[in-house]
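Summary of the model geometry
Here is what each chain is made of, one letter per residue.
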Amino acid sequence: MLMIDRLFCTWNELVEKFPNKWIVVEDAELTNAGFIKSGKLIGVCDDSEIDDFVVSCYREDKNINYERTTEGSGVGIINVEDFKYAVK
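Just so you know, these numbers come straight off a predicted model, no measurement behind them.

Here the focus is the pairing of strand 3 (residues 36-45). In terms of residue burial, strand 3 counts as a mostly covered element, since eight of its 10 residues are buried. As judged from the seven bridges shared by strand 2 (residues 22-30) and strand 3, these two strands associate in the antiparallel manner. In the sheet register, Val24 faces strand 3, and the bridge partner there is Gly43. Connecting the antiparallel pair strand 2 and strand 3 is a turn made up of five residues, with Gly34 showing a positive phi of about 90 degrees.

Next comes the structure, spelled out in structure tokens:
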């Protein structure tokens, strides 16, 4: 696991730097849908590390949000700002 303190990044920067990883940020700015827009990066984890790291953050009373940079589940979630959907 890579831990970085005091580095403020936008979501697009994090996706570019850390593909297929879990990103954990403190004091996140979120989109209206609750996705991370920006925040202070405190951890980058792979699938086997994320659960333990998130639990440790909650035990330390940190205000965190976490999200995977690449979503492979195909659940139809769109992570963009100002998205509109129209049916004709």
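One non-glycine residue with positive phi stands out, namely Asp27, at about 50 degrees. By the element assignment, Asp27 lies in strand 2. Looking at Asp27, the relative accessible area reads 51%, which means it is exposed. Look at Asp61: it is not a glycine, yet its phi comes out positive at around 55 degrees. Structurally, Asp61 can be placed in the loop between helix 2 (50-59) and strand 4 (64-68).

Quick look at the nonpolar core now. Within the largest apolar cluster, nine residues are counted, these being Cys9, Trp11, Leu14, Phe18, Ile23, Val25, Ile36, Leu41 and Val44. Mapped by element, the contributors of at least two residues to this core are helix 1 (11-17), strand 2 and strand 3. The element contributing the most residues to this core is strand 3, with three residues. Beyond its immediate stretch of four places on either side in the chain, Leu14 contacts Cys9, Ile23, Val25, Leu41 and Thr69. Of all hydrophobic cores here, the second largest spans eight residues; its members include Ile42, Cys45, Cys57 and Ile64.

About the thresholds
Residues numbered from 1 in each chain as written. Predicted model: local features only at pLDDT ≥ 70, side-chain atom pairs only at ≥ 80, totals over all residues. Heavy atoms only, no water. Buried < 20%, exposed > 50% of the residue type's maximum accessible area, 1.4 Å probe, protein only. Helix = DSSP H or I, 4+ residues; strand = E, 2+ residues; numbered from the N terminus. Pairing = 2+ DSSP bridges. Core = buried A, V, L, I, M, F, W, Y, C linked by side-chain atoms within 4.5 Å. Contact = heavy atoms within 4.5 Å.

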